[in-house]
Amino acid sequence: RQQTRKMPFTEEQMRQIYNTNLIDFAVQHGFEIEKGDRNTVHVKHSGGLYLFKHGRGYQCFATQSKGNIVDFVQEYMGAGDFKSAAEMILNCRAYEQTEHYIPPVEKKPRGDLVLPEKDKSFDRTIAYLTRTRGIDKEIVYAMIEQGKVYGARTEKSGYSFHNCAFVGYDENGKPRYCALRAPSADSHFRQDVENSDKTYGFTMEGRSNRVYEFEAPIDAMSHATLCKLHSINWREDHRVSEGCLSDKALSRYLQLHAEIKEIVFCYDNDVDGKLADGTPHNHGQAQAEISAGIFTDLGYKCFIQTPQTKDFNQDLLTFRAMLQADDKQPEKAVER
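Now for a description of the structure that goes with this document. Worth saying up front: this structure is predicted, and the values here are computed from it rather than measured.

1. Structural notes on the sheet that holds strand 14 (residues 262-265)
Taking strand neighbours across the sheet as the criterion, the 5 strands line up as 11-13-12-14-15 in an open arrangement whose pairing is mixed. Two strands bound the open sheet, and with one partner strand each, they are strand 11 (202-204) and strand 15 (301-304). Here the average twist between neighbouring strands, direction ignored, is 20°. Relative to strand 13 (residues 238-241), helix 8 (residues 248-256) is tilted by about 145°, and along the sheet it contacts strand 11, strand 12 (210-214), strand 13 and strand 14.

2. A word on the sheet that holds strand 10 (residues 190-192)
Pairing within the open sheet is antiparallel, and its 5 strands lie in the order 6-7-8-9-10. The open sheet has two edge strands with one neighbour each: strand 6 (117-118) and strand 10. Looking at chain direction, strand 9 (residues 175-181) and strand 10 are connected through 3 bridges and run antiparallel. Each bridged residue has a counterpart across the sheet, and for R181 the counterpart in strand 10 is R190. Each of strand 7 (149-156), strand 8 (159-169) and strand 9 is contacted by helix 5 (residues 123-132), which is oriented at about 65° to strand 8, the strand it contacts most.

3. As for the environment of L180
Looking at the secondary structure, you find L180 in strand 9. For the pair L180 and G151, spaced 29 residues apart in the sequence, the C-alpha separation amounts to 9.4 Å. Residues in contact with L180, not counting those within four places in the same chain, are P116, A152, N163, C164, A165, F189, R190, Q191 and V193.

4. Notes on the packing of aromatic side chains
Taken as a whole and judged by the stated rule, the model has 10 aromatic pairs. With a centroid separation of 6.0 Å and an interplanar angle of 45°, the aromatic rings of F265 and F295 are classed as tilted. With a gap of 30 residues between them, F265 in strand 14 and F295 in helix 9 (residues 283-297) connect regions that are remote in the sequence. When sorted by exposure, F265 lands in the same class as F295, which is buried. A connected cluster of aromatic rings, assembled from ring pairs, spans F31, Y58, F72 and Y76. When the ring centre of Y150 is taken as origin, the NZ or CZ atom of K118, which lies over that ring, is 5.7 Å away. Just above the ring of Y200 sits the side chain of R252; from NZ or CZ to the centre is 3.9 Å.

5. So, the nonpolar core
Ranked by internal contacts, the top residues of the largest apolar core, which has 26 residues, are L129, I135, M143, V149, F166, M204 and M221. At the level of secondary structure, the elements contributing two or more residues to this core comprise helix 5, helix 6 (137-145), strand 8, strand 11, strand 12, helix 7 (217-229) and helix 10 (312-328). Apart from residues lying up to four places away in sequence, M221 is in contact with L129, I135, I139, V140, M143, V149, F166, F202 and M204. Of all hydrophobic cores here, the second largest spans 25 residues; its members include F9, I23, I69 and I89.

6. Remarks on the pattern of salt bridges
Enumeration over the complete set of coordinates arrives at 15 salt bridges. The partner of D170 in a salt bridge is R176, and the shortest N-O contact between them spans 3.3 Å. Assessed through its relative accessible area of 10%, D170 is described here as buried. With its nearest N and O atoms 3.7 Å apart, the salt bridge here joins D268 to K310. With D268 in the loop between strand 14 and helix 9 and K310 in the loop between strand 15 and helix 10, this residue pair connects regions lying 42 residues apart in the sequence. Owing to a relative accessible area of 1%, D268 belongs among the buried residues under this scheme. Take K310: its relative accessible area is 36%, and that puts it in the partly exposed class. Several salt bridges share partner residues, and in doing so they unite R38, E215, D268 and K310 into one network.

About the cut-offs
- Residues numbered from 1 in each chain as written.
- Predicted model: local features only at pLDDT ≥ 70, side-chain atom pairs only at ≥ 80, totals over all residues.
- Heavy atoms only, no water.
- Pairing = 2+ DSSP bridges.
- Helix = DSSP H or I, 4+ residues; strand = E, 2+ residues; numbered from the N terminus.
- Axes fitted to C-alpha atoms, helices over the stretch in contact; angles between N-to-C directions.
- Contact = heavy atoms within 4.5 Å.
- Phe/Tyr/Trp six-rings, centres within 6.5 Å; stacked < 30°, edge-to-face > 60°.
- Buried < 20%, exposed > 50% of the residue type's maximum accessible area, 1.4 Å probe, protein only.
- Lys NZ or Arg CZ within 6 Å of the ring centre and 35° of its normal.
- Core = buried A, V, L, I, M, F, W, Y, C linked by side-chain atoms within 4.5 Å.
- Salt bridge = Lys/Arg side-chain N within 4 Å of Asp/Glu carboxyl O.

Honestly, it's all geometry; don't read function into it.
Quick look at the structure:
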């Protein structure tokens, strides 16, 4: 005779386990994280361990392993089975903590941001933004004049590295955020300068009561270029870049601009995005829906503007290619 074993956790507890953000959980238990790539953060001193930014899983290139938060606790925190891993996540262990349980550590205070040295020439940055990325020269030069874009040069191990720098300032004009990106279509290098505060994003101030929000500075500048190409004054509306999937920089910007009543969320269109378990998930548009709901409840009039392609820079490049193709079309003979 078979007897069904009682489930050790309730449905609500199971939901709580799998809805726990892995990044928050890891940091709370002493793991240190740093910049990874577009979709991940890297766990320091771990070799190839990366946590997905959506907080639902991890992947380790050194061991070729991947999984969810339960797998993480078993593999990296010493939990011997599902039950002990689940109890650790729920923080309801019925027995003494083991040596594998890492106590929380206090977060070190953020130091002062030191901007990278300016390059002798900004030619690389200007060429990359205008030619490779298709951004209008007037817009690029306006951002350079405001000190929000420049060519940066850093020295490391005897080598010189040249990057595009995108800077965010506080209300007193002090640099508080800086993102670096390689000025090359073939390079995926991107990194926030140490001590950057993402709540002070890259901004393009306007005069209207509307703000557009983006994931990256290049998308904000591309959107402004598309407006100009359609004979819309690109200086009229505000634009804010988060440097990630968030709305923290937007929240701070709104505190300084009481005139803003409308928000347009312009996150990426991640049609090929997936969760850690392979489930299709459009990360950008999912976040747009969440943020729009939050700020609607705060009294703002919210809209979502979805890129036709992956993001607004790709939209811009596609539109420029269409214009170029039209210019090359031979004129049709006029029938008489």
